[in-house]
Amino acid sequence: MNKLALAFGTLAILATPAVAAEDPVMVRKILMQGNAAGAGLAGAMLKGEMEYSPAAGKAAIASMNAASHAFGDYFPKGSAEGDTTAAPAIWEDAAGWEAELAKFTSATSAAAEASGREGPADLDTFKAAVGPVLGTCKSCHEGYRVKR
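In this report, the structure presented in the accompanying data block is examined. (Residues numbered from 1 in each chain as written. Predicted model: local features only at pLDDT ≥ 70, side-chain atom pairs only at ≥ 80, totals over all residues. Heavy atoms only, no water.)

All right, on to the overall build of the protein chain then. Of regular secondary structure, the protein chain possesses six helices and zero strands. Considering the protein chain as a whole, with its 148 residues, one finds that 39% of them fall into the buried category. Intrachain contacts of the protein chain at a sequence separation of at least 6 include 80% that bridge at least 24 residues. Carbon and sulfur atoms make up 59% of the accessible area of the protein chain, which totals about 8100 Å². (Helix = DSSP H or I, 4+ residues; strand = E, 2+ residues; numbered from the N terminus. Buried < 20%, exposed > 50% of the residue type's maximum accessible area, 1.4 Å probe, protein only. Contact = heavy atoms within 4.5 Å. Areas by Shrake-Rupley, 256 points an atom, 1.4 Å probe, with all protein chains shown as cover.)

Taking 1.5 Å per residue as the helical rise, helix H2 (residues 24-46) with its 23 residues ought to reach 33 Å, and the 32 Å between its terminal C-alpha atoms agrees with that figure. Downstream of H2 by a residue or two, Gly 48 has a phi angle that is positive, lying close to 80°. (Expected span 1.5 Å × (residues − 1).)

Of note, Val 27 is situated in helix H2. Val 27 gets classed as buried once you look at its relative accessible area, which sits at 0%. Between the C-alpha atoms of Val 27 and Phe 75, which are 48 residues apart in sequence, the distance is 9.7 Å.

Relative to the helices and strands, Thr 84 is located in the loop between helix H3 (54-70) and helix H4 (89-92). When neighbours within four sequence positions are excluded, Thr 84 is seen to be in contact with Val 25, Arg 28, Ser 79 and Arg 148.

In this section: the environment of Ala 107. Note on placement: Ala 107 falls in helix H5 (residues 94-115). For the pair Ala 107 and Asn 65, spaced 42 residues apart in sequence, the C-alpha to C-alpha distance is 8.4 Å. Dropping the residues within four chain positions of it, Ala 107 is found in contact with Pro 132, Val 133 and Thr 136.

Another point: the nonpolar core. Of all hydrophobic cores here, the largest spans 16 residues; its most connected members are Met 45, Ile 61, Phe 126, Val 130 and Val 133. Those elements that provide at least two residues to this core are H2, H3, H5 and helix H6 (123-144). At five residues, the largest contribution of residues to this core is made by H6. In this structure Val 130 touches Ala 42, Leu 46, Ile 61 and Met 64, once residues within four positions along its chain are discounted. Among the nonpolar cores identified, the runner-up in size contains 11 residues, and Leu 31, Phe 75, Leu 101 and Cys 140 belong to it. (Core = buried A, V, L, I, M, F, W, Y, C linked by side-chain atoms within 4.5 Å.)

So, on to the packing of H2 against H6. Between H2 and H6, the shortest axis-to-axis distance is 10 Å and the interhelical angle comes to 135°. Between H2 and H6, the interaxial angle falls into the category oblique. Viewed along their axes, H2 and H6 form a crossing whose handedness is left-handed. Residue-level contacts link Met 32, Asn 35, Ala 39, Ala 42, Met 45 and Leu 46 of H2 to Leu 123, Phe 126, Lys 127, Val 130, Leu 134, Cys 137 and His 141 of H6. Residue classes in the contact of H2 with H6 are distributed as 10 nonpolar, two polar and one charged. (Axes fitted to C-alpha atoms, helices over the stretch in contact; angles between N-to-C directions. Parallel < 35°, antiparallel > 145°, perpendicular 65-115°, else oblique. Left-handed = near helix turned anticlockwise from the far one by under 90°. Nonpolar A, V, L, I, M, F, W, Y, C, P; charged D, E, K, R; others polar.)

Across the interface, H5 lies against H6 with an axial gap of 8 Å and an inter-helix angle of 165°. It follows that H5 is roughly antiparallel to H6 by the angle criterion. Here the hand of the crossing between H5 and H6 comes out left-handed. For the pair H5 and H6, contact is made by Gly 96, Trp 97, Glu 100, Lys 103, Phe 104, Ala 107, Thr 108, Ala 111 and Ala 114 and by Ala 129, Pro 132, Val 133, Thr 136, Cys 137, Ser 139, Cys 140 and Tyr 144, respectively.

Bear in mind that shape data such as this cannot, by itself, settle questions of function.
This is the structure we're talking about:
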């Protein structure tokens, strides 16, 4: 199941340019689905729900890293309406939003670098790399996402 979620997430990120120009809300959803797949895979390994694998650890980090580099491009003015959980604070507090995006990108980039070519060697190394990434997810959702 987690492999399927990660595969979907990767495909979602790769498919993003096809709909980007016409529907930024849809692109945000696609990118967040890919990000959620990576976070779900990471969480399952961290909780011991699945055995840790360096390749899976690297894939989870790579998925979130890819999303972090593209996500901020899909919040143009006027895209707060519709079926979105993007909070008005994104546009009202642009500097705070940009800071959250920068923290996310920095954390995922650092995790990707720490994961090396083969992925984090063991669960403790993975936890040290991915922990800050998951922390940025939480802080961003608290301030810039509308809870449904």
